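Here are the chains, one letter per residue:
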2 protein chains.
Amino acid sequence: MVQHALLETAIDRFGRVGFEGASTRDIAHASGTAMSSITYHFGGKQGLYLAAADYIAAAMADRLTPALTMARTACEGTHEDATEALLQLLDNVAAVMMLPESATWSAFVVREQQNPTEAFDRLYAGVIQRVVDVFIALITRIRPDLPRREALATGLLLFGQALVLRVCRATVCRVLGTDTLDESTQTLLRARLRANALCILSETP
Amino acid sequence: MVQHALLETAIDRFGRVGFEGASTRDIAHASGTAMSSITYHFGGKQGLYLAAADYIAAAMADRLTPALTMARTACEGTHEDATEALLQLLDNVAAVMMLPESATWSAFVVREQQNPTEAFDRLYAGVIQRVVDVFIALITRIRPDLPRREALATGLLLFGQALVLRVCRATVCRVLGTDTLDESTQTLLRARLRANALCILSETP
DNA sequence: GTCTATACTACGATAGAC
DNA sequence: GTCTATCGTAGTATAGAC
């Protein structure tokens, strides 16, 4: 499938060097086809970029859908159910952040966060919003004492702890003295993230 | 000062569209000079890029030096001193993340985190390491019960909460329903960050 | 030190063969 | 559907005038 190969390569290149830095010639060549295939299948460089955003959103949503579904039912459950669901969801997000594939995804997404284009709307509608909504619903269930804006802020800050594992990967590795996040290091980070989140969620008002 | 203008423009362009996407012609023109000035002053595009990294490191270090100096002395102080110093330092980091200038800085730094080049070494030695070292020293003072790697992980995760305010700015704004982080929103976020950090640091072992 | 002029390469888009 | 060929533009680097 030429389209699939083009998308995979495009995400890598756009993530690595950005929209302006990536070249359609290079993307096509690395995908084993001619540059004009991009025009034919996606209408041009811009079309390929937007298709890449949709692809990333779908891939991330795929990895999080089971956790999101479980979390949504837990919103109606007990306080403990909701807490455990949020911890699980956050752990899932952290796991995605440590997937090798998410390196190119996150480079793409982070770029859009800083200079949002139409692609950001697609990413937001495709994954981000779904995760955010469940996050907020769970937090308001767990901490009904928090005003809405405080709950929103708490959700964002909780998410930041998972985010740093991907976005500051070079620093994380350097600080921990490893080249890559091996199994035991991942376990350590996820355990600390869980402990931190738990204590934030059970903070006495 | 032509060099200064070139650096300011370069950071903006490199941050916005990356090394490959930025054009020396454009940078020179926006700085009111000719492209060959870049060759003369920095030896070429690559030299300008490295100089931009040094410039960013120095600018960030500038903003954090007072807090870092105070924090270093607090490492020798009481448990409460150390806790307050860490909260202050983290608040300072969050404040930097909400500065308008840090938008271009962070775009540059985040890019280097994902695809480290020689510029990352300069950023790390220039700012990141200094902040990390003080973070870790304070945490080991506050939570001597934590094994070293747990303390390192805690420091990184704490930092992530400040990071998200800059790196996921588009999401932060969308979730909070604002276009920009106004004064009261910043206060809210910093207060929640402080509360979260305090409760992580005082977690009963 | 700062400019103009130029050499050379690579870019995205598109037309047309098959 | 996929290719090659080509057009116009823009990229970095460099040589040389002032």
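Source: prediction; values computed, not measured.

Here we take up the protein's contact with DNA strand D. In the neighbourhood of DNA strand D, 17 residues make up the surrounding shell, with Thr33, Ala34 and His41 of chain A together with Thr24 and Arg25 of chain B lying closest. For DNA strand D, the backbone makes up 49% of the atoms found within 4 Å of the protein, where backbone means sugar plus phosphate. Ala34 of chain A places a polar main-chain atom, nitrogen or oxygen, 2.7 Å from a phosphate oxygen of DNA strand D. Within the side chain of Tyr40 of chain A, an N or O atom sits 2.9 Å from a phosphate oxygen of DNA strand D. Residue contributions to the surface near DNA strand D peak at 4 residues, all from helix H3 (residues 36–42) of chain A. Looking at the surface near DNA strand D residue by residue, the classes come out as 5 nonpolar, 9 polar and 3 charged.

Here we come to the interface of chain A and chain B. With 52 residues of chain A in contact, the opposing surface of chain B contributes 52 residues. For the pair chain A and chain B, the summed buried surface comes to about 5,000 Å²; carbon and sulfur atoms form 62% of the total. For the pair chain A and chain B, the number of links is 4 salt bridges. Put simply, Asp121 of chain A and Arg174 of chain B hold a salt bridge, and the shortest N to O gap is 2.9 Å.

Grouped together as the largest cluster of nonpolar side chains are 166 residues, with contacts concentrated most on Phe14, Leu138 and Leu158 of chain A together with Phe14, Leu138 and Leu158 of chain B. Once residues lying within four places of it in the same chain are set aside, the contact partners of Leu158 of chain A are Leu86, Leu90, Phe135, Ile139, Ala197, Ile200 and Leu201 of chain A.

This brings us to the relation of the copies chain A and chain B. When chain A is brought onto chain B, the operation consists of a screw motion whose angular component is 180 degrees and whose axial shift is 0.0 Å, with 0.1 Å RMSD remaining. The symmetry that links the two subunits is that of a two-fold axis. Among all C-alpha atoms of chain A, that of Gly21 of chain A lies closest to the rotation axis, at 1.9 Å. Interface overlap between copies is the fraction of interface residues in one copy that are interface residues in the other; for chain A against chain B it reaches 100%, indicating a shared surface.

The feature "domain: HTH tetR-type" (unreviewed entry), as annotated in UniProt, sits at residues 1–60 of chain A in this numbering. A distance of 21 Å separates the end C-alpha atoms of residues 1–60 of chain A, which is 83% helix and 0% strand.

All names here are of chain B. Position of Thr9 among the secondary structure elements: in helix H1 (residues 2–21). A relative accessible area of 10% places Thr9 in the buried class. The contact partners of Thr9, leaving out residues within four places of it in the chain, are Ile27, Ala30 and Ser31.

What follows covers the protein's contact with DNA strand C. Close contacts around DNA strand C come from 17 residues, with Thr24 and Arg25 of chain A together with Thr33, Ala34 and His41 of chain B the closest. Counting only the atoms of DNA strand C that lie within 4 Å of the protein, the sugar and phosphate share comes to 45%. A distance of 2.7 Å separates a base nitrogen of DNA strand C from a polar atom in the side chain of Arg25 of chain A. Taking Tyr40 of chain B, its side chain carries an N or O atom lying 3.5 Å from a phosphate oxygen of DNA strand C. Residue assignment for the surface near DNA strand C shows that the elements contributing at least two residues are helix H2 (24–30) and H3 of chain A together with helix H3 (36–42) of chain B. Sort the elements by how many residues they give to the surface near DNA strand C and H3 of chain B lands first, with 4 residues. Looking at side-chain class alone, the surface near DNA strand C contains 5 nonpolar, 10 polar and 2 charged residues.

Residues lying three or four places apart along an α-helix face the same way, a consequence of the helix completing one turn every 3.6 residues. Along helix H9 (residues 169–176) of chain A, 7 of the 8 residues are buried, which leaves the element largely enclosed by surrounding structure. When H9 of chain A is considered as a whole, its buried residues turn out to be Arg169, Ala170, Thr171, Val172, Cys173, Val175 and Leu176 of chain A. For H9 of chain A, the elements touching its buried residues are helix H5 (79–98), helix H8 (148–167) and helix H10 (183–201) of chain A together with helix H6 (102–114), helix H7 (118–142) and helix H8 (148–167) of chain B. Phi turns positive, to about 70 degrees, at Gly177 of chain A, one or two residues after H9 of chain A.

Parameters and conventions
Residues numbered from 1 in each chain as written. Chains lettered and ligands numbered in written order. Predicted model: local features only at pLDDT ≥ 70, side-chain atom pairs only at ≥ 80, totals over all residues. Heavy atoms only, no water. Near = heavy atom within 4 Å. Polar contact = N/O pair within 3.5 Å; in protein donor to acceptor, adjacent residues only side chain to side chain. Helix = DSSP H or I, 4+ residues; strand = E, 2+ residues; numbered from the N terminus. Nonpolar A, V, L, I, M, F, W, Y, C, P; charged D, E, K, R; others polar. Contact = heavy atoms within 4.5 Å. Buried area = accessible area lost by both parts, 1.4 Å probe. Salt bridge = Lys/Arg side-chain N within 4 Å of Asp/Glu carboxyl O. Core = buried A, V, L, I, M, F, W, Y, C linked by side-chain atoms within 4.5 Å. Buried < 20%, exposed > 50% of the residue type's maximum accessible area, 1.4 Å probe, protein only. Least-squares fit on C-alpha atoms with pLDDT ≥ 70 in both. UniProt positions renumbered as here; feature names shortened; annotations may be inferred.

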